[in-house]
Amino acid sequence: IQPERDLLELAAALALPNPPLRIEGFDISNISGTFAVASMVSFWNGRPDRSNYRRFKMKTVTGQDDFACMAETIGRRYSRVLKEVTDKQASNPAVHLPENSSAATEEIMEPAAPSRDEGGFPDLILIDGGKGQLNAACAELRKLGLDRIPIIGLAKEYEEIFQPGKSDPMRLDHNKGSLKLLQRVRDESHRFANTYNAQLRLKKISESLLDEFPGIGQQRKAALLKKFGSVQRLRIASLEDIASVPGFGGKAAEDLKAFLLARTT
């Protein structure tokens with residue numbers, strides 16, 4: 001693996017002005033319309049930059065609609081970045097919006113050099129998917145005036161690269177380092193999204209154990225989870241800590257502790 005060479009090759013293939021030092025990749029994990037989540041992974045200079053990974057739980061999408069999930073994710077991610085960059089630009093004129101962005105003022109014409117630590121806009125956005133996912137993402141960028149940020153979709157079946165405004169996809173040689181780099185970003189975003197989905201499903205299954213405790217009710221269940229964060233932490237909590245939760249004073253705390261203990265043996 002030679003990330004620097006791969007980036008140069010990728011810039012040439014996509015006709016980018018510079019190698020994309022910061023690549024942000026997105027994927028959706030939406031199993032049977034439940035636990036719809038999205039991931040964003042960040043690659044800096046061709047390598048994973050895990051401190052800048054992000055994950056999203058859908059707020060507006062119901063059912064299994066990957067296009068809507070992608071739209072919500074892109075909108076949330078870049079409206080936040082836009083606000084952060086705009087706020088920084090107000091206090092520091094050296095911070096810039098993307099070149100020719102319709103969100104930029106006339107005085108902000110040059111793109112800022114990306115920084116691993118400072119965040120900001122990526123040099124390339126990679127969507128896991130084909131035309132549908134890409135179009136959904138592009139529509140959100142247009143709403144924000146950020147449609148000049150380079151963006152592509154990578155469809156799995158034939159590893160086709162879709163670009164805005166082009167009807168036919170691009171196919172790179174499967175031995176090319178540039179394609180292998182895109183695959184690494186895509187595969188990492190897929191792994192990260194599926195891991196988050198699995199964590200939420202396991203958490204839900206674990207929390208459902210509390211429903212078996214006689215007379216708990218949603219209010220007392222919510223109070224326990226707010227206090228301890230998870231059933232796993234509740235299991236190891238002291239009797240005194242459990243008794244401090246509203247509705248669990250005295251015998252109720254003892255009964256809950258015994259209930260949880262009986263289900264770990």
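Refer to the preceding data block for the structure.
About the thresholds
Residues numbered from 1 in each chain as written. Predicted model: local features only at pLDDT ≥ 70, side-chain atom pairs only at ≥ 80, totals over all residues. Heavy atoms only, no water. Core = buried A, V, L, I, M, F, W, Y, C linked by side-chain atoms within 4.5 Å. Buried < 20%, exposed > 50% of the residue type's maximum accessible area, 1.4 Å probe, protein only. Helix = DSSP H or I, 4+ residues; strand = E, 2+ residues; numbered from the N terminus. Contact = heavy atoms within 4.5 Å. Phe/Tyr/Trp six-rings, centres within 6.5 Å; stacked < 30°, edge-to-face > 60°. Expected span 1.5 Å × (residues − 1). Arc of directions from axis to C-beta. Salt bridge = Lys/Arg side-chain N within 4 Å of Asp/Glu carboxyl O. Polar contact = N/O pair within 3.5 Å; in protein donor to acceptor, adjacent residues only side chain to side chain.

Caption draft 1: Spatial organisation of the nonpolar core. Core analysis: the biggest nonpolar cluster contains 27 residues, and F26, I74, Y78, I125, I127 and I151 have the highest contact counts within it. At the level of secondary structure, the elements contributing two or more residues to this core comprise strand 1 (22-31), strand 2 (34-44), helix 2 (66-91), strand 5 (124-128), helix 3 (131-143) and strand 6 (151-155). If you tally residues by element for this core, the top one is helix 2, at seven residues. The contacts of I151, once residues within four sequence positions are left out, are L124, I125, I127, L134, A137, C138, L141, F162 and P164. Residues A11, F43, M170 and L181 belong to the second largest nonpolar core, which totals 21 residues.

Caption draft 2: Layout of the packing of aromatic side chains. By the definition in use, this model includes three aromatic pairs. Summarising the aromatic geometry, the rings of F213 and F259 are spaced 5.3 Å apart at their centres and angled 65 degrees between planes, so their arrangement reads as edge-to-face. Here the residue F213 occupies a position in the loop between helix 4 (177-208) and helix 5 (217-228), and F259 occupies one in helix 8 (residues 251-262), the gap between them amounting to 46 residues. Just as F213 is buried, F259 falls in that class too.

Caption draft 3: Region of the structure containing helix 8. A rise of 1.5 Å per residue sets the reference length of helix 8, with its 12 residues, at 16 Å; its end C-alpha atoms lie 16 Å apart and thus fit the reference within 8%. Regarding helix 8, the residues found buried are A252, A253, L256, F259 and L260. Buried residues in helix 8, looked at end-on, bunch into an arc of 125 degrees, giving them a common side. What points out from helix 8, more than 90 degrees from its buried face, is the exposed set K251 and L261. If you follow the buried residues of helix 8, they end up packed against helix 5, helix 6 (231-235) and helix 7 (239-243).

Caption draft 4: The pattern of salt bridges, seen in detail. Under the counting rule described, the total for this entry stands at 15 salt bridges. The closest approach of N and O atoms between K156 and D128, which form a salt bridge, is 2.8 Å. Within this pair, whereas K156 is found in the loop between strand 6 and strand 7 (160-162), its partner D128 is found in strand 5, the two being separated by 28 residues in sequence. D128 sits in the buried class, given a relative accessible area of 7%. In this structure, E160 engages R171 in a salt bridge whose closest nitrogen and oxygen atoms are separated by 2.8 Å. Separated by 11 residues along the polypeptide, E160 in strand 7 and R171 in strand 8 (residues 170-171) bring together distant segments of the chain. For E160, a relative accessible area of 14% puts it in the buried group. The class of R171 is exposed, set by a relative accessible area of 53%.

Caption draft 5: Region of the structure containing the environment of T195. For T195, the location among the structural elements is in helix 4. Taking the C-alpha atoms as reference points, T195 and S39, separated by 156 residues in sequence, lie 9.5 Å from one another. There is a polar contact of 2.8 Å between the side chain of T195 and the backbone oxygen of R191.

Caption draft 6: Geometry of unusual backbone geometry. Of note, A15 is a non-glycine position whose phi angle comes to about 55 degrees, a positive value. Mapped onto the fold, A15 is located in the loop between helix 1 (3-14) and strand 1. The exposure class of A15 is exposed, given its relative accessible area of 68%. Phi angles above zero are rare outside glycine, and N45 is one such case at about 55 degrees. Its place among the elements puts N45 in the loop between strand 2 and strand 3 (47-48).

Caption draft 7: Fine view of the environment of V61. Within the secondary structure layout, V61 lies in the loop between strand 4 (54-57) and helix 2. For the pair V61 and E72, spaced 11 residues apart in the sequence, the C-alpha separation amounts to 7.9 Å. Leave out the neighbours within four places in its chain, and V61 touches A68, C69 and E72.

Caption draft 8: Spatial organisation of the side chain of S189. Position of S189 relative to the elements: it lies in helix 4. For S189, a relative accessible area of 1% gives the class buried. There is a polar contact of 2.7 Å between the side chain of S189 and the backbone oxygen of R186. Those residues in contact with S189 that lie beyond four places of it in its chain are G25, F26, D27, S39 and V41.

Remember that the coordinates give geometry; whether it matters functionally is a separate question.
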